[in-house]
Amino acid sequence: MDFTFSEEQQAAAEAAAGVFADVAPDGVPSPADTTGAVADDFDRALWARLAGADLLSLLLDEAYGGAGLDAIALCLVLRESAKVLARVPLLESSASAATVQAYGGEELRSALLTRAGRGDLVLTVAAHGRTGHDPAELAVTARRDGDRWVLDGVQTAVPWAHNADLVVVPAHTDAGRSVLALVAPDREGVVLAEQISTTGERLGELRLESVPIARVDVIDAEGAWEWLRDLLTAGTCALALGLGTAVLRMTGEYTSRREQFGFPVATFQAVAVQAADRYIDLRAMEATLWQAAWRIASGASGTLPAAADLAVAKIWAAEGVRRVVQTAQHLHGGFGADTEYPLHRYHAWAKHLELSLGPAAAHEEALGDLLAAHPLG
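Residues numbered from 1 in each chain as written. Predicted model: local features only at pLDDT ≥ 70, side-chain atom pairs only at ≥ 80, totals over all residues. Heavy atoms only, no water.

In terms of helices and strands, the chain carries 10 helices and 10 strands. Relative to its length of 377 residues, the chain is compact, with a C-alpha radius of gyration of 21 Å against a globular reference of 21 Å. Seen through its C-alpha atoms, the chain measures out along the principal axes to roughly 80 × 55 × 40 Å. The buried share among the 377 residues of the chain stands at 51%. Sequence separation of 24 or more characterises 74% of the internal contacts of the chain that already satisfy a separation of 6 or more. Total accessible area on the chain is roughly 16300 Å²; 51% of this is exposed by carbon and sulfur atoms. Between the centroid of the 29 positive side chains of the chain and the centroid of its 50 negative side chains there is a distance of 2 Å. (Helix = DSSP H or I, 4+ residues; strand = E, 2+ residues; numbered from the N terminus. Rg over C-alpha atoms; globule rule 2.2 N^0.38 Å. Buried < 20%, exposed > 50% of the residue type's maximum accessible area, 1.4 Å probe, protein only. Contact = heavy atoms within 4.5 Å. Areas by Shrake-Rupley, 256 points an atom, 1.4 Å probe, with all protein chains shown as cover. Lys, Arg positive; Asp, Glu negative; His and termini not counted. Charge placed at Lys NZ, Arg CZ, Asp CG, Glu CD.)

Turning next to the side chain of Glu137. Residue position: Glu137 is located in the loop between β1 (123-125) and β2 (140-145). For the buried Glu137, which has no salt bridge, the nearest side chain bearing the opposite charge is Arg229, at an N-O separation of 4.1 Å. In this structure the side chain of Glu137 is engaged in a polar contact, spanning 2.9 Å, whose partner is the side chain of Trp225. In contact with Glu137, other than residues within four places in its own chain, are Pro170, Ala171, His172, Ser178, Trp225 and Arg229. (Salt bridge = Lys/Arg side-chain N within 4 Å of Asp/Glu carboxyl O. Polar contact = N/O pair within 3.5 Å; in protein donor to acceptor, adjacent residues only side chain to side chain.)

Okay, the packing of helix α1 (residues 7-20) against helix α3 (residues 71-83) next. At a minimum axis separation of 9 Å, α1 and α3 run at an interaxial angle of 20°. Relative to α3, α1 is oriented roughly parallel. The element α1 and its partner α3 pack so that their crossing is right-handed. In this structure, α1 uses Gln9, Ala12, Ala13, Ala16, Ala17 and Phe20 to contact α3, whose residues at the interface are Ile72, Ala73, Leu76, Val77, Glu80 and Ser81. Residues that form the contact of α1 with α3 fall into these classes: 9 nonpolar, 2 polar and 1 charged. (Axes fitted to C-alpha atoms, helices over the stretch in contact; angles between N-to-C directions. Parallel < 35°, antiparallel > 145°, perpendicular 65-115°, else oblique. Left-handed = near helix turned anticlockwise from the far one by under 90°. Nonpolar A, V, L, I, M, F, W, Y, C, P; charged D, E, K, R; others polar.)

Judged by nonpolar contacts, the single largest core of 93 residues is most densely connected at Phe20, Leu50 and Leu243. Top contributing element to this core by residue count: helix α6 (residues 224-257), with 17 residues. For Leu243, the contacting residues outside a window of four places in its chain are Ala82, Lys83, Leu85, Val321, Val325, Tyr346, Trp349, Ala350 and Leu353. Among the nonpolar cores identified, the runner-up in size contains 20 residues, and Ala126, Val158, Val179 and Val190 belong to it. (Core = buried A, V, L, I, M, F, W, Y, C linked by side-chain atoms within 4.5 Å.)

It is worth spelling out the packing of helix α7 (residues 269-298) against helix α8 (residues 306-332) at this point. Contact pair α7 / α8: the axes reach a minimum separation of 8 Å and the direction vectors enclose 155°. It follows that α7 is roughly antiparallel to α8 by the angle criterion. The hand of the α7/α8 crossing is left-handed.

Between its first and last C-alpha, α8 extends 38 Å over 27 residues, near the 39 Å set by a 1.5 Å rise per residue. Gly333 sits one or two residues past α8 and shows a positive phi near 65°. (Expected span 1.5 Å × (residues − 1).)

Applying the stated criterion across every chain, the model contains 19 salt bridges. A salt bridge links Glu106 to Arg109; its shortest N-O distance comes to 2.6 Å. Here Glu106 and its partner Arg109 are both found in helix α5 (residues 106-118), 3 residues apart, which amounts to about one turn of the helix. Take Arg109: its relative accessible area is 18%, and that puts it in the buried class. A salt bridge links Glu319 to Arg322, with the shortest nitrogen-to-oxygen separation between them at 3.1 Å.

In this section: the packing of aromatic side chains. Per the counting criterion, the structure on display carries 6 aromatic pairs. Taking the centre distance of 5.1 Å and the plane angle of 75° together, the rings of Phe5 and Trp290 count as edge-to-face. One end of the pair, Phe5, is in the segment before α1; the other, Trp290, is in helix α7, with 285 residues separating them in the sequence. Judged by its relative accessible area of 4%, Trp290 falls in the buried class. Ring centres of Phe335 and Tyr341 lie 6.0 Å apart, and the angle between their planes is 65°; this geometry places the pair in the edge-to-face category. (Phe/Tyr/Trp six-rings, centres within 6.5 Å; stacked < 30°, edge-to-face > 60°.)

For Ala157, which is not glycine, the phi torsion reads 50° and is therefore positive. Residue placement: Ala157 occurs in strand β3 (residues 148-159). At Phe261, a position not held by glycine, the phi torsion is positive, near 55°. Note on placement: Phe261 falls in the loop between β9 (259-260) and β10 (263-264). The class for Phe261 is exposed, based on a relative accessible area of 72%.

Here we come to the pairing of β3. For β3, the tally of buried residues reaches 9 of 12 residues, placing the bulk of the element in the interior. By the bridge criterion, 6 bridges tie β2 to β3 in an arrangement that is antiparallel. Note on β3: the bridge partner recorded for Arg143 is Val150. Linkage of β2 to β3, two consecutive antiparallel strands, is achieved through a turn of 2 residues, within which Gly146 is found at a positive phi near 70°. Two strands pair when backbone bridges link them, and β3 and strand β7 (residues 202-214) are joined in this way by 9 bridges, in the antiparallel orientation. Its bridge partner being in β7, Val154 is matched across the sheet by Arg207. (Pairing = 2+ DSSP bridges.)

Okay, here's the thing in structure tokens:
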């Protein structure tokens, strides 16, 4: 693989950095200071600026007003968004639109993609199943009923479900196949309950009770859900990388200013060693992310399937982002818990990302199974 980014990918990252430059991580109340959601909606003003910079249509073809870029470009933009804790459904909406483009029918693409690229239509994904631990596609059943599909089941922790126009819901059929249904949250038979994440953002428990879905709004192409799931995984790893990068920079700046015994604490060996360990974590998170994103973008084959690269990226992202914020809290001392200082927000977001990625032990087990099935020797 080649770690060199193309000019178009670099331009997307630079445009994103410009858009996010004025975003304040503490633009909403702290989750530590409220028992409910920190806000009723995502940052619509920022969403409009992203649309104006053509960053919502990165993965879409020119026919739909897009730039025709790939998963690597999206991950570069997501990395920038996480540095400022941007409160927008950038990952979910972009990944959903890209999946509709790659696997949806022409009628569905024509109806959704241009609007999604302009930011007029917001998409999200129900990717956590019934409990957050079971496969998402097994939490909902989909059965054919004449010229439509009928969905039954529950999906938990759906991001931005209360504000999105459509939720992409993975489901399984009697034949054991996975399909993707685009469901409006206000549709008959849909019950949406509020859940609150560690970040203080509103999530949704989505209950589907014999919900009828037109055939045109269901993607039953082979591999659609798996591709969407992989793109969401890579994007979540990119968010973890961006958050960790911002936190380590914040920690370096603080320890360089904070003095003890007449010297900056950053000059103490114990502090420097801990910071260096976290820098190594970030570089490992970065290398494994780009490897996984490259496999998704290129479709290149390898000794192991792309699932192995994604498993490695998830291991490093989940463990790495936790270690980075814990070390930052330790080196900041009491400031780390001060709700007037932004570090506690990054800690809450890091915990949410870690939970979204799942335990590293589970990914290590999956990687072991892949290694057993595809011997390297």
